[in-house]
Amino acid sequence: MRRKRYHRPGILYEEEDQNPLTGVANLFDVAMVFSVALLIALVMSFQLPELLSPTEDITIVKNPGQENMKIIVKEGQDIEVLNMTEQIGGGTGEALGTAYQLADGRVVYVPDSGNETST
């Protein structure tokens, strides 16, 4: 009668080959791919693909007309956030010209030339 030999593969390998963390080595890469995909899905859900383009310029008004209103301006790679306050700008200065609103809604600016003639 012949005896069966049981083979244990763990005995043949050295301890360096039996690292329990080898199966988890790429979890960081998977997490980074998942986070980038989530960011792209979020931008696409707001229908603002211009935020991902390095050449597009975009302006976003957040909470318009409220006291915590913010204006977000993206020009190329630069992003600037403007917080609105209730302070009114003032000071001294000089008039530069006159603005007229036409019947079709357009606004025309006419600068002062310095040579005023009366008609």
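Scoring rules and cut-offs
Residues numbered from 1 in each chain as written. Predicted model: local features only at pLDDT ≥ 70, side-chain atom pairs only at ≥ 80, totals over all residues. Heavy atoms only, no water. Helix = DSSP H or I, 4+ residues; strand = E, 2+ residues; numbered from the N terminus. Buried < 20%, exposed > 50% of the residue type's maximum accessible area, 1.4 Å probe, protein only. Contact = heavy atoms within 4.5 Å. Areas by Shrake-Rupley, 256 points an atom, 1.4 Å probe, with all protein chains shown as cover. Pairing = 2+ DSSP bridges. Expected span 1.5 Å × (residues − 1). Patch = residues over 30% accessible without salt bridge, like charges linked within 9 Å, V, L, I, M, F, W, Y side chains within 5 Å. Salt bridge = Lys/Arg side-chain N within 4 Å of Asp/Glu carboxyl O. Lys, Arg positive; Asp, Glu negative; His and termini not counted. Charge placed at Lys NZ, Arg CZ, Asp CG, Glu CD. Polar contact = N/O pair within 3.5 Å; in protein donor to acceptor, adjacent residues only side chain to side chain.

(A) Expanded view of the overall build of the protein. A tally of regular secondary structure across the protein gives 2 helices and 5 strands. Sequence-ordered secondary structure for the protein, helices as α and strands as β, is α-α-β-β-β-β-β. The buried share of the protein, reckoned over its 119 residues, is 6%. Excluding contacts between residues fewer than 6 apart, the proportion of contacts in the protein whose partners are at least 24 apart in sequence is 1%. Of the accessible surface of the protein, which amounts to about 11,700 Å², a share of 55% is contributed by carbon and sulfur atoms.

(B) Seen up close, the pairing of strand S4 (residues 97-101). Across 5 bridges, the pairing between S4 and strand S5 (residues 107-111) is antiparallel. Residue Gly-97 lies in a different strand from S5, and its bridge partner there is Pro-111. Linking S4 to S5, which pair antiparallel, is a turn of 5 residues; within it Gly-105 sits at a positive phi near 100 degrees.

(C) Region of interest: helix H2 (residues 27-45). Between the first and last C-alpha of H2 there are 27 Å, a value that for 19 residues agrees with the 27 Å anticipated at 1.5 Å per step. Gln-47 lies just past H2 and shows a positive phi near 55 degrees.

(D) Inspection of the environment of Thr-55 at higher detail. If you trace the backbone, Thr-55 turns up in the loop between H2 and strand S1 (57-62). As a C-alpha pair, Thr-55 and Gln-77 span 22 residues in sequence and 7.5 Å in three-dimensional space.

(E) Expanded view of a nonpolar patch on the surface. The grouping of Val-36, Ile-40, Met-44 and Leu-52 at the surface amounts to a nonpolar patch, some 340 Å² of accessible area in total. Within the secondary structure, Val-36 sits in helix H2.

(F) The arrangement of unusual backbone geometry in detail. One non-glycine residue with positive phi stands out, namely Asn-63, at about 55 degrees. Structurally, the position occupied by Asn-63 is in the loop between S1 and strand S2 (70-75). Among the residues examined, Asn-63 registers a relative accessible area of 28% and is labelled partly exposed.

(G) Quick look at a negative patch on the surface. Taken together, the side chains of Glu-56, Asp-57, Glu-75, Asp-78 and Glu-80 present a region of like negative charge at the surface. With respect to the element layout, Glu-75 can be found in strand S2.

(H) Local environment of the side chain of Lys-74. Following the sequence through the fold, Lys-74 ends up in strand S2. In this structure Lys-74 is buried but unpaired, with Asp-57 as the nearest side chain of opposite charge at 5.9 Å. A polar side-chain atom of Lys-74 sits 3.2 Å from the main-chain carbonyl oxygen of Gly-76. Those residues in contact with Lys-74 that lie beyond four places of it in its chain are Glu-50, Leu-51, Ser-53, Glu-56, Asp-57, Ile-58 and Ile-79.

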